[in-house]
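Single-letter residue listing:
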Amino acid sequence: MKTEQIVKLGHYINGETVEGKSGRYGDVYNPSLGVKIAEVPLASAEEVNEVVALAQKGFEKWSKLSVARRMEVFHNFRALLVENTDKLAALIGKENGKTIDDAKGEISRGLESVDFALGAPHLLKGDHSVNVGGEINAYYMKKPLGVVTSIAPFNFPVMVPVAMSVMAVAVGNAMILKPSEKVPFSALFVAELWAEAGLPAGVWNVVNGDKEAVDALLEHKDVKAVSFVGSTPIAEAIYEKGTKHHKRVQAFGGGKNNMIIMPDADIDTAVNSFIGAAYGGTSQRCMAISTAMPIGEKTADAFVARLKEKINELKVGTYDDESADFGALISAEAKANVLNAIEEAIEEGAVLAADGRHPEVPHEEGFYLGATLLDHVTPDMKIYKEEVFGPARIVVRVNTLEEAIDLINEHEFGNGVTIFTDSGSAARKFTENIEVGMVGVNVPIPIPVGYHNFGGWKRSSFGEGQMFGPDLVRFFTKRKTVSERWFDTAYNESKTDFNFPS
Ligand code: NAD
């Protein structure tokens, strides 16, 4: 077994790296090798309370700066993210297992959110009405909330925390980011980039931890808003606890995303799109395609036959292997969960069309699985109902587009969906009637760009508001409406009025 020197990490608080004080640590792995590489401190409630107090001070300073001054820091931060892309991509690959190219892709998608946040001077404008009556002018301002928090998942160590958080800071809040304890390196590195960009101390803090730290954030009276991304059961619990403590909460959960393949679709295009969208990033994406729904037996047979050929060409490898199509799963537990889901599906009657349970791997201890395809899956099977966060994908054969739409609409998740077709009317029927938040037509993964809104429906998200785009400005600000009248000294007429003005 390979060994590596084990690093003891800290938190990033008030502009500096600090050691953990709780005495509790989590293990961080290099999934490509399957070896422990670091210990990450798990913050206590007392440590969280100290950070909130420091972030509150940071907020008071930062929120008073003009938005133009704040944007200077953002311009610097953007340049530093670009300059450090290679370094950051290597960190992501090492702690998460995804390939360097995929890691670079997530950094560039994160940059979209920074670009959109650079529009804060425009986005913070309020409306102004002149002489709404009695020479009164009315306008509103968008004020930051104060200290806010983002609680992030492991699967996008940079893109998701950046997408959740940069707008919050652009509009004047102070951020406490609680990254996944499985991938703390990237978050700590990004915090250093913020400091280098000139962000004042206390405005971007990284607290590492688990449930104890999250609960302390959810319960603290000075934490005003919570943005969460992770699995559905935790998203629901965060939403319930956060709102109970009177916070704004947006909580994004898991998904089970479908690709419909119409009989008129080009099979090669559909297969190539499915391969990347289904197995890319080792299928550890909330927007990964989990389910292929070919319409009609003929389409299904052609699609599965072509897909099997392509799957056999896929290669798993270490994050820095340029020839690898995808890397290792995040942990031994994640690998065991996927294997278990495959076994259960076979027991329930699914047909194993491609078996990735024993791929050729570069390191025996790495958390690898190859691409698996289960055909003839039916809606009553567990693998149809539940999110599988790894490369076990399914084919559900349906007879008509209407049947596919009904099935998808009945599913508990509603994150992403896509259709491959040459027919405008089929596409229109689909986009109009599907009960899913992010919809694609002839695109493999319909993730909106950073200046559009992102968010699933049904049990793929809880609370109100979306990630990315203009909705984030609303989520991270509150409105103050002012009605004002200035008396002309010549007109200084004043009288008492007991009625509402009419
Ligand atoms: P997770 O729910 O296990 O963890 C997410 C965060 O919650 C982490 O920071 C973790 O430390 C914290 N957490 C875990 N258990 C907790 C508890 N009991 N109390 C409080 N906090 C807790 O999710 P994950 O495994 O890191 O990420 C994968 C999941 O995230 C998948 O389900 C995926 O679909 C989902 N995801 C969703 C989106 C989206 O936009 N909808 C994006 C990325 C990932």
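None of the values given here were measured: they were computed from a predicted structure.

Within the open sheet, the 3 strands sit side by side as β1-β5-β4. Their pairing is mixed. The open sheet terminates on both sides in strands that have one partner only, identified here as β1 (7–8) and β4 (25–30). As defined by bridge partners, β4 adjoins strand β5 (residues 35–41) across 6 bridges and the pair is classed as antiparallel. From the neighbouring strand, Y25 faces β5, where its bridge partner is P41.

Here strand β6 (residues 128–133) pairs with strand β7 (residues 136–144) via 3 bridges, running antiparallel. Across the sheet, the residue bridging to S129 is A138, located in β7. What sits between β6 and β7 in their antiparallel hairpin is a turn of 2 residues, with G134 showing a positive phi close to 55 degrees. Note that β7 and strand β23 (residues 477–484) share 8 bridges and pair antiparallel. Within β23, the residue paired with M141 across the bridge is K480.

Right, let's talk about the confidence of the model for the protein chain for a bit. Per-residue confidence for the protein chain averages 95 on the pLDDT scale, and 97% of its residues sit at or above 70. The complex model carries a pTM of 0.95, and its ipTM stands at 0.99.

A word on the packing of helix α2 (residues 67–83) against helix α7 (residues 184–197). When two helices pack together, their arrangement is given by the angle between their axes and by how far apart the axes lie. Direction vectors running N to C along α2 and α7 enclose 135 degrees, while the axes themselves pass 8 Å from each other. As the angle between them shows, α2 and α7 are arranged oblique. Handedness of the crossing formed by α2 with α7: right-handed. Residue-level inspection shows V73, N76, F77, L80 and L81 of α2 in contact with α7, the latter providing L193, W194, E196 and A197.

Assigned domains of the protein chain: these are domain 1 (11–254 + 455–480) and domain 2 (257–412 + 416–441). Each side of the interface is counted separately: domain 1 has 24 residues, and domain 2 has 26 residues. Within the residue set of the side of domain 1 that touches domain 2, elements represented by two or more residues are α3 (85–96), α4 (100–117) and β21 (457–458). Among the elements that line the side of domain 1 that touches domain 2, the one with the most residues is α3, at 3 residues. Of the residues belonging to the side of domain 1 that touches domain 2, the class tally is 7 nonpolar, 11 polar and 6 charged.

What follows concerns the pairing of strand β8 (residues 147–151). Here β8 lies mainly inside the structure; 5 of its 5 residues are buried. The side-chain alternation of β8 yields two buried faces, one formed by V147, T149 and I151 and the other by V148 and S150. Here 5 bridges tie β8 to strand β9 (residues 174–178), and the two strands are oriented parallel to one another. Bridging from a neighbouring strand, S150 pairs with L177 of β9. As a crossover connection, the stretch from β8 through helix α6 (residues 159–170) into β9 is right-handed. Where β8 and strand β11 (residues 223–229) come together, 5 bridges link them in parallel fashion.

Okay, the sheet that holds strand β19 (residues 416–420) next. Strands sit in the order β15-β16-β17-β14-β13-β19-β20 across an open sheet of 7 strands; the sheet is mixed. Looking along the sheet, the strands with just one partner apiece sit at the ends: β15 (351–354) and β20 (438–441). Strand-to-strand twist of the sheet, defined as the mean angle between neighbouring strand axes without regard to direction, takes the value 20 degrees. For β19 and β20, the ladder comprises 4 bridges, and the chain directions are parallel. Each bridged residue has a counterpart across the sheet, and for I419 the counterpart in β20 is V441. Contacts from helix α10 (residues 267–279) reach β13 (257–261), β14 (289–294), β17 (392–395) and β19 within the one sheet, and its direction differs from that of β14 by about 160 degrees.

Looking at the secondary structure, you find A170 in helix α6. Using a count of 27 C-beta atoms within 10 Å as the deciding quantity, one classes A170 as buried. Sequence separation of A170 and V73 is 97 residues, and the distance between their C-alpha atoms is 9.4 Å. Not counting chain neighbours up to four residues away, the residues in contact with A170 comprise R70, F74, A117 and A120.

In the numbering used here, UniProt assigns the feature "domain: Aldehyde dehydrogenase" (unreviewed entry) to residues 19–482. Helix and strand shares over residues 19–482 are 41% and 21% respectively, and the end C-alpha atoms of the span are 46 Å apart.

Taken together, the buried positions of helix α15 (residues 424–433) are occupied by A426, A427 and F430. Viewed end-on, α15 has its buried residues packed into an arc of 95 degrees, placing them on one side of the element. Turned more than 90 degrees from where α15 packs its buried face, G424, S425, R428 and E432 sit exposed.

With 152 residues, the main nonpolar core has I260, I261, F274 and F476 as its most contacted residues. Broken down by element, the residue count for this core peaks at 10 residues, all from α6. Taken domain by domain, the makeup of this core includes at least three residues from each of domain 1 (11–254 + 455–480) and domain 2 (257–412 + 416–441). With residues up to four places along the chain from it excluded, the contact list for I261 reads A270, A292, M293, P294, I295, T299, F303 and F420. Among the nonpolar cores identified, the runner-up in size contains 5 residues, and L9, Y29, A38 and V40 belong to it.

Quick notes on the rules
Residues numbered from 1 in each chain as written. Predicted model: local features only at pLDDT ≥ 70, side-chain atom pairs only at ≥ 80, totals over all residues. Pairing = 2+ DSSP bridges. Helix = DSSP H or I, 4+ residues; strand = E, 2+ residues; numbered from the N terminus. pLDDT = per-residue confidence, 0-100. Axes fitted to C-alpha atoms, helices over the stretch in contact; angles between N-to-C directions. Parallel < 35°, antiparallel > 145°, perpendicular 65-115°, else oblique. Left-handed = near helix turned anticlockwise from the far one by under 90°. Contact = placed C-beta atoms within 7 Å. Domains from an automatic or database assignment. Nonpolar A, V, L, I, M, F, W, Y, C, P; charged D, E, K, R; others polar. Buried ≥ 20, exposed ≤ 12 C-beta atoms within 10 Å, placed from the backbone. Right-handed = clockwise from strand over helix to strand, strands pointing away. UniProt positions renumbered as here; feature names shortened; annotations may be inferred. Arc of directions from axis to C-beta. Core = buried A, V, L, I, M, F, W, Y, C linked by C-beta atoms within 7 Å.

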